[in-house]
Structure formats: structure tokens, C-alpha cells
Amino acid sequence: MVKRQKIYEGKAKVLYRGTEPFTFIQHFKDDVTAFNAEKKDTYEGKGVLNNIFSEFFMKGLSEIGINNHLIRRINMREQLVMACEIIPLEVVVRNISTGSISKRLGIKEGHVFSRPILEFYYKDDKLNDPLVNEDHILEFEWATVQELEEISSIAFRVNDFLSGLFFGAEIVLVDFKLEFGRPLDKSNSKVILADEISPDSCRLWDKKNNKRLDKDVFRLDIGNISEAYEEVAQRFNLLPKRVSVQNNKMKNNIFSLE
Ligand code: UDP
């Protein structure tokens, strides 16, 4: 077997050179980290679910004309994506206050914003991904004016789309993080949505009882992350077929799928 060329390894994913020009293979690991990797663990099968989630949300976004890096899922843990240079920004959209904004500004957890709030963080683990504004982004040339306009417009459209989709599954989309890239194939000149959309990068609360169904379960040690992610997958009918038929056996089987 030909050894694949690793382009980059992050906390939850690995990128390999793709099989076609201007492509990467995005591999989802089972590792989960929080607080800039100070807290770490592994949950068997988390990568399988995040691969399926990200495919599902990115496909939905393509259908409403939001360009993103997904070409196709190629196996249980991997997807073929358009090769991009990642813009070094974490783009966060917030509908409800929690997490860092509640801490930073003393806003009561659960406060519903009158309109979504957009924030940018500079992607740099050494600096702990600091909050930055548009002047910083332009001054340090992390993105251009046109790119920032495009990124902001896409981020709000993604919020509208995902909020509706989750609402239909009785889940509240509290906030989420997006990343954007510049395609290496220069015939495609605009920024596109990249990275992943999954319960690792969103805050999802059960509409009935505000139960956390996302990575906060791990961050805050408030339950079983596998159960939370499976619950979300089940609401969208995304659990791999072999296991969704036998609920009682699911715990043993789902996470061993490769
Ligand atoms: N987020 C993420 N990766 C990060 C930081 C944040 O995916 O490195 C997501 C997080 O899951 C949440 C949103 O971005 O959905 C806002 O996170 P927040 O700024 O509240 O950060 P935290 O409280 O996690 O430090």
C-alpha cells in the first residue's frame, strides 16, 4: 500500500494529500480535547459520527448554494475535500449566551441575543486563540476586506440554515465555530467554508430540557459524550444503518464501525 502524505495533524483531525489534484483527505480521529488541549480523552467512534455529521451539514449547505470544501465522504472516517489554505480565524456565531462570552462580559448563561453576534478569534494555540476585531484582521493581513465581507455573510447564512435544521430536530443551536479557506485551485477564487460542522464545534441544547448534546458534556464533565452525539445523530436519522436497528446492541457496535 502506498503511504499517504500527511499534510497536517490537528487535535481531532488529520489531513492527508488527496487522490485527485487540489484535494485533501480529511480524517476524523476519536480524540477529544478542550481548554486548548489541557483536557484530553478518546471516545471510540466519535470520529465516525463527526465525519457523518459534517457530511450531512455541508451537503445541506451546498444545496442552498453555500460553497464549502466537501467533495464526498469516502469511508466511515474520511472525506475528500477541496484543498485550501486555511484563513487563521475561528469565526463564532452566537444566538444564546454561554461559554466564553458569558465569562468575559458577565452575561447570564442562557440570555437570548436580540440578533446573532459574530466574533473572530485569531487561530494561534500559543496565544490561546485571542478574540480579535476587523481592524486587527486587516492590519495583520489575516484576511482581506472582501474576504471578511464574504465570511460574515456566509456565517449568518449558515446560522439561519443550521438553526432551522436543528429546530426541526427539537434542538437549539446556541453557538458554533466555523473556519474558512482559500482554495489552492485558483480557478475557484472565493473563500469557502472548510473544516467541520459537528457537535465538537457547535453548542446544542435539547429544546425540551436544555440538556447539553455537544462537546460541553466533555468540557464540563456532565455526562457521556458518546450518548450525547448519538442522540443528535438519531434525531437526524444519521446513525449507521447496521446498528440503528438494534438499540440495545448499539453501544457495543456503533463505535467499532470503520
Ligand atoms: N469552539 C470551537 N473550537 C474552539 C473554540 C470554540 O469549536 O477552539 C466553538 C465552541 O464549541 C462553541 C463556540 O465555538 O460552540 C463558542 O465557543 P466559546 O468562545 O464560548 O469558547 P469556550 O467556552 O469553548 O472556550
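Residues numbered from 1 in each chain as written. Predicted model: local features only at pLDDT ≥ 70, side-chain atom pairs only at ≥ 80, totals over all residues. Heavy atoms only, no water.

## Describing the confidence of the model for the chain
Right, on to step 1. On average, residues of the chain score 93 in pLDDT, and 93% of them are at 70 or above.
Right, on to step 2. Mean pLDDT in the chain bottoms out at helix α8 (residues 247–253), which sits at 47, and peaks at strand β9 (residues 89–96), which reaches 99.
Right, on to step 3. Here residues 243–253 scores under 50 on pLDDT; set against residues more than four positions off or in separate chains, the count is 10 contacts. (pLDDT = per-residue confidence, 0-100. Helix = DSSP H or I, 4+ residues; strand = E, 2+ residues; numbered from the N terminus. Contact = heavy atoms within 4.5 Å.)

## Remarks on unusual backbone geometry
Right, on to step 1. Positive phi outside glycine occurs at Ala37, with the angle close to 70°.
Right, on to step 2. Summarising the element assignment, Ala37 is placed in the loop between β4 (31–34) and β5 (39–42).
Right, on to step 3. Residue class for Ala37 comes out partly exposed when judged on its relative accessible area of 24%.
Right, on to step 4. Although it is not a glycine, Asn210 adopts a positive phi angle of roughly 60°. (Buried < 20%, exposed > 50% of the residue type's maximum accessible area, 1.4 Å probe, protein only.)

## As for the packing of aromatic side chains
Right, on to step 1. Within this structure, the stated rule accounts for 9 aromatic pairs.
Right, on to step 2. Arranged with centres 3.8 Å apart and planes meeting at 15°, the rings of Tyr122 and Trp142 form a pair that is stacked. Taken together, the residues Tyr122 in strand β10 (residues 112–122) and Trp142 in the loop between α3 (134–139) and α4 (145–168) connect sequence positions 20 residues apart. The pair formed by Tyr122 and Trp142 is uniform in burial state, with each residue classed as buried.
Right, on to step 3. Through successive ring pairs, a cluster of aromatic residues spans Phe53, Phe56, Phe57, Phe166 and Phe236. (Phe/Tyr/Trp six-rings, centres within 6.5 Å; stacked < 30°, edge-to-face > 60°.)

## Overview of the pattern of salt bridges
Right, on to step 1. By the definition in use, this model includes 30 salt bridges.
Right, on to step 2. A salt bridge links Arg73 to Glu55; its shortest N-O distance comes to 2.8 Å. Linking Arg73 in strand β6 (residues 70–73) with Glu55 in helix α1 (residues 46–63), this pair joins segments that are 18 residues apart in sequence.
Right, on to step 3. The partner of Glu119 in a salt bridge is Arg104, and the shortest N-O contact between them spans 2.8 Å. (Salt bridge = Lys/Arg side-chain N within 4 Å of Asp/Glu carboxyl O.)

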